[in-house]
Amino acid sequence: MKMDGTIAMFRYWNMLRAGRPAPFRTDIDPTAIKGRLPDTFILEFDDADEPRFRLAGTNVCSSFGRELRHVPFGEIWQVDDRDAVDALGKATLNQSTVVLAQAHGKSRQGRLAAFELLLLPLDAGPGRPRAMGLATALERPFWLGAHPLSALVLDEARLIDPDTVPAIDMGERTPSLAPDDLEPTERDRSRRVRHLVVLDGGRSQDR
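A brief report on the enclosed structure follows. (Residues numbered from 1 in each chain as written. Predicted model: local features only at pLDDT ≥ 70, side-chain atom pairs only at ≥ 80, totals over all residues. Heavy atoms only, no water.)

## Notes on the environment of Asp4
Looking at the secondary structure, you find Asp4 in helix α1 (residues 4–17). Residue Asp4 is classed as partly exposed on the basis of its relative accessible area, which comes to 28%. C-alpha of Asp4 to C-alpha of Thr136: the two residues are 132 residues apart in sequence and 9.7 Å apart in space. (Helix = DSSP H or I, 4+ residues; strand = E, 2+ residues; numbered from the N terminus. Buried < 20%, exposed > 50% of the residue type's maximum accessible area, 1.4 Å probe, protein only.)

Below is the structure:
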């Protein structure tokens, strides 16, 4: 986790779940994460059991130049990545899996923006899975929101067991988390480990 906001959101979610697979949806207090709300979104299943946006914050919508409510989650990704992204969304919705991903998007003018994404499961009751997501620009460029992104490209994704993630001491502020805390070694990249799976994204396509 590279971004302070990602770390803070994970810590808040982890505190609320109190050892359960996921916190209740009603446990989430919007005032507690108000600084992150523009970058936050909620996923649910559509009638075809595919992940879609239930809600999306202003920054998320403006990055793509449109309202994303009820839009399929895979639609904002390049075609080569849609199957992988749908599988990640389903892992969070169906299996209470935490997903951490790195991605980048390209505007129609050819400008690039990098993002860190976090998917966190929520317990909304029987038969109503939900996931809370956070999409944070690593360095939010001045043009983002004025020049919409055509699609995101998945660079890397990790499935995280929150019970094995090292404790994060936030102290008086949200510190950066050393990349080595979650980054697998070269040896680990070629195999599955107990608390981490690394998935390579598809190659970027010119659009």
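Further notes follow.
## Comments concerning the side chain of Asp86
Inspection of the secondary structure assignment puts Asp86 in helix α3 (residues 82–95). In this structure Asp86 is buried but unpaired, with Lys90 as the nearest side chain of opposite charge at 5.9 Å. When sequence neighbours within four positions are dropped, the list of residues in contact with Asp86 reads Glu50, Pro51 and Gly74. (Lys, Arg positive; Asp, Glu negative; His and termini not counted. Salt bridge = Lys/Arg side-chain N within 4 Å of Asp/Glu carboxyl O. Contact = heavy atoms within 4.5 Å.)

## Thoughts on the nonpolar core
By size, the foremost hydrophobic cluster in this structure holds 32 residues, and its most contacted members are Phe41, Phe53, Leu68, Phe73, Trp77 and Phe115. At the level of elements, β1 (40–45), β2 (51–56), α2 (58–64), α3, β3 (98–107), β4 (112–122), β5 (130–137) and β6 (149–160) are the ones that each hand at least two residues to this core. Other than its neighbours up to four places away in sequence, Phe53 contacts Phe41, Ile42, Leu43, Leu68, Arg69, His70, Val71, Pro72, Phe73 and Ile76. Membership of the second largest hydrophobic core comes to 18 residues, among which are Met9, Tyr12, Leu118 and Met132. (Core = buried A, V, L, I, M, F, W, Y, C linked by side-chain atoms within 4.5 Å.)

Coordinates in, geometry out; function isn't part of it.
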